[in-house]
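# Close look at the chain arrangement
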Amino acid sequence: MAERKAIFITGGGSGIGRAVAQKFAANGWFVGLADISVSGMKETAALLPAGASSQHKLDVRDRAAWDAALAAFAKAAGGKIDVVFNNAGVPLGGALIENKVEEIERCLDINLKGVLFGAQASHTWLKASAPGSCLLNTASAAGIYGTPGASVYSATKFGVRAITESLDGEWAEDGIKVCDLMPAFIDTPLLDHTANQGTNEDIRGRVQSAGLEITAVTEVAETAWAAVHGNQLHNRVGKTAHRLAFASRWIPGRLRKQVRSSLRPLGK
């Protein structure tokens, strides 16, 4: 009988993390749910097969907490971790000059520092299970071309893209695959948050008023499965992500003109 593989998922209490947990558990994987929300993890676990998951409260900004959570998950999984999904993240929109210091620091700490800490903490476990192990990071279409009204968020996702590319080279000799997801606007509870503290407009309304598509979260889960089992470095999800990648490479001048003339900051 084949040994059950194990994936550790941050942000596992909702959205993309929940959908990916369901996809991997349905395919026989043991899933470590990590989140700051205990209730969210319980809700996700209830959607998974019995005995298919363990729950680990984790603030990704806490480096020591990463070590403790991974060790606890490895113990629950039988001593081995095959995939770490660095997925936890928060949105931040609005004009940079209107973003509050605490909003900027929180976004940077969770979206960027949390990914770095997760990668650093997971290396020992992934090296031990290599070859075939994988670090999967959640970047964004905002890491393809900077989004007006989301400069801080875009900076963090360009950072995640850079981390992915750097570690793809750095960890190749260890047999660890490193890749990322680049979703556009995905149908998760994050879209129902306001862009920042200075607006009452939720992100979903802004996206819809701009005429942009919202992609089903199941499509992200399918892409995550393909990324872990494939050889693609950056894995785009949604029409917007694919269009941005094409335009930024082949018609950058036209893309710049369109961005400068037609988009307004989230929350404005």
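All values derive from a computational prediction rather than experimental measurement. (Residues numbered from 1 in each chain as written. Predicted model: local features only at pLDDT ≥ 70, side-chain atom pairs only at ≥ 80, totals over all residues. Heavy atoms only, no water.)

### Let's talk about helix H7 (residues 217-229)
- With 13 residues, H7 extends 19 Å between its outermost C-alpha atoms, agreeing within 8% with the 18 Å of an ideal straight helix rising 1.5 Å per residue.
- Among all positions in H7, only Val-217, Val-220, Ala-221, Thr-223, Ala-224, Ala-227 and Val-228 are buried. Take H7 and look down its axis: the buried residues cluster within an arc of 165°, on one side only.
- Summarising the contacts, the buried residues of H7 are in contact with helix H1 (15-26), strand E4 (83-86), strand E5 (134-138), strand E6 (177-183) and strand E7 (234-237). (Helix = DSSP H or I, 4+ residues; strand = E, 2+ residues; numbered from the N terminus. Expected span 1.5 Å × (residues − 1). Buried < 20%, exposed > 50% of the residue type's maximum accessible area, 1.4 Å probe, protein only. Arc of directions from axis to C-beta. Contact = heavy atoms within 4.5 Å.)

### With respect to the packing of aromatic side chains
- Tallied over the full model, the rule gives 6 aromatic pairs.
- Geometrically, the ring pair formed by Phe-8 and Trp-66 is tilted, given 5.9 Å between the ring centres and 55° between the ring planes. In this pair, Phe-8 is assigned in strand E1 (residues 6-10) and Trp-66 in helix H3 (residues 63-76), connecting sequence segments 58 residues apart.
- Residues Trp-29 and Trp-225 carry aromatic rings whose centres are separated by 6.1 Å and whose planes lie at 70° to one another, so their mutual orientation is edge-to-face. Of the two residues, Trp-29 is situated in the loop between H1 and strand E2 (30-35) and Trp-225 in helix H7; the sequence distance between them amounts to 196 residues.
- Classification of Trp-29 by relative accessible area gives buried; the value is 6%.
- For Trp-225, a relative accessible area of 21% puts it in the partly exposed group.
- Members of the aromatic cluster, connected to one another through ring pairs, are Phe-8, Phe-30, Trp-66 and Phe-73.
- Lying across the ring of Trp-225, Lys-23 places its NZ or CZ 5.7 Å from the centre. (Phe/Tyr/Trp six-rings, centres within 6.5 Å; stacked < 30°, edge-to-face > 60°. Lys NZ or Arg CZ within 6 Å of the ring centre and 35° of its normal.)

### Some thoughts on the sheet that holds strand E3 (residues 53-57)
- Taken in spatial order, the 7 strands make up an open sheet running E3-E2-E1-E4-E5-E6-E7, and their pairing is parallel. Each edge of the open sheet is held by one strand with a lone partner, namely E3 and E7. Ignoring strand direction, the axes of neighbouring strands in this sheet form an average angle of 15°.
- Lying over the sheet, helix H2 (residues 38-46) contacts E2 and E3, oriented at roughly 170° with respect to E3. (Pairing = 2+ DSSP bridges. Axes fitted to C-alpha atoms, helices over the stretch in contact; angles between N-to-C directions.)

### A look at the confidence of the model for the protein
- Averaged over every residue, the pLDDT of the protein is 88; the share at 70 or more is 86%.
- Counted against residues more than four places away or in other chains, residues 191-196, with its pLDDT under 50, gives 29 contacts. (pLDDT = per-residue confidence, 0-100.)

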